[in-house]
Amino acid sequence: MFHSLRFGFHGLGRDLSTRWADIQTVGGLNRLQWTGGDDDTVHIEGVIFPEEFGGLATLEGVRSAALAGSTLPLISLGGQVFGMHVIEMVSEDRSFIDRLGRPRKDVFRIGLKRYTGTGFSPVSVVQTLFG
């Protein structure tokens, strides 16, 4: 699941795009017909401070789920389910690197896209993120 275990986020954005076709009519304005949805995407942004609070392992679990092509549920901390999603993008800006090459601050961005197929397994979620 996409949820906060060792790091929080400070921003969440959502984009929904749909298609409408222009249907020409005689003697009046064109009519619009809804032809379906294109994308439902979510963008999560946050900051982790690994030395003080951890969180790099969880972020690595998200990255592993993206590389594995996992389909996971997006659930808020309050328990609201936003449906199944895939991870399209994970980016980081690491700064304040210590002498061992570890970041003291890591700004991350995660891009999710709603998945409308099937294929959810709670066991695979736990194994992917924490295995």
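Before reading on, note that the structure itself is shown above.
Owing to the predicted nature of the structure, the values given are computational and were not obtained by experimental measurement.

K.L.:
I'd like a description of the nonpolar core, backed by residues and values.
P.N.:
Counting residues in each nonpolar core, the largest one holds 12 residues, listed as Val42, Ile44, Ile48, Leu59, Val62, Ala65, Leu72, Leu74, Ile87, Phe108, Ile110 and Leu112. Listed by contribution, the elements that provide at least two residues to this core are strand S2 (31–48), helix H2 (56–68), strand S3 (71–75) and strand S5 (103–114).

K.L.:
Requested: an account of unusual backbone geometry, with residues and values cited.
P.N.:
In this model, Phe96 sits at a positive phi of 55 degrees, which is unusual for a non-glycine residue. Here Phe96 lies in strand S4 (residues 81–97).

K.L.:
Let's hear about the environment of Ser91: which residues, and what values?
P.N.:
Looking at the secondary structure, you find Ser91 in strand S4. When residues no more than four places from it in sequence are discounted, the contact partners of Ser91 are Val107, Phe108 and Arg109.

K.L.:
An account of the sheet that holds S2 is needed here, citing residue identities and associated values.
P.N.:
Across a sheet, paired strands are connected by hydrogen bonds in the backbone, their directions being either parallel or antiparallel. Overall, antiparallel pairing links the five strands, which are arranged S1-S2-S5-S4-S3 in an open sheet. One side of each edge strand has no neighbouring strand; the edge strands of this open sheet are strand S1 (11–23) and S3. Direction aside, neighbouring strands of the sheet carry axes that sit 35 degrees apart on average. Direction of pairing for S4 relative to S5: antiparallel, over a ladder of 11 bridges. By the bridge assignment for S5, His85 is matched with Arg114. Packing against the sheet, H2 makes contact with S2, S3, S4 and S5, and its axis sits at approximately 125 degrees to S4.

Conventions and cut-offs
Residues numbered from 1 in each chain as written. Predicted model: local features only at pLDDT ≥ 70, side-chain atom pairs only at ≥ 80, totals over all residues. Heavy atoms only, no water. Core = buried A, V, L, I, M, F, W, Y, C linked by side-chain atoms within 4.5 Å. Buried < 20%, exposed > 50% of the residue type's maximum accessible area, 1.4 Å probe, protein only. Helix = DSSP H or I, 4+ residues; strand = E, 2+ residues; numbered from the N terminus. Contact = heavy atoms within 4.5 Å. Pairing = 2+ DSSP bridges. Axes fitted to C-alpha atoms, helices over the stretch in contact; angles between N-to-C directions.

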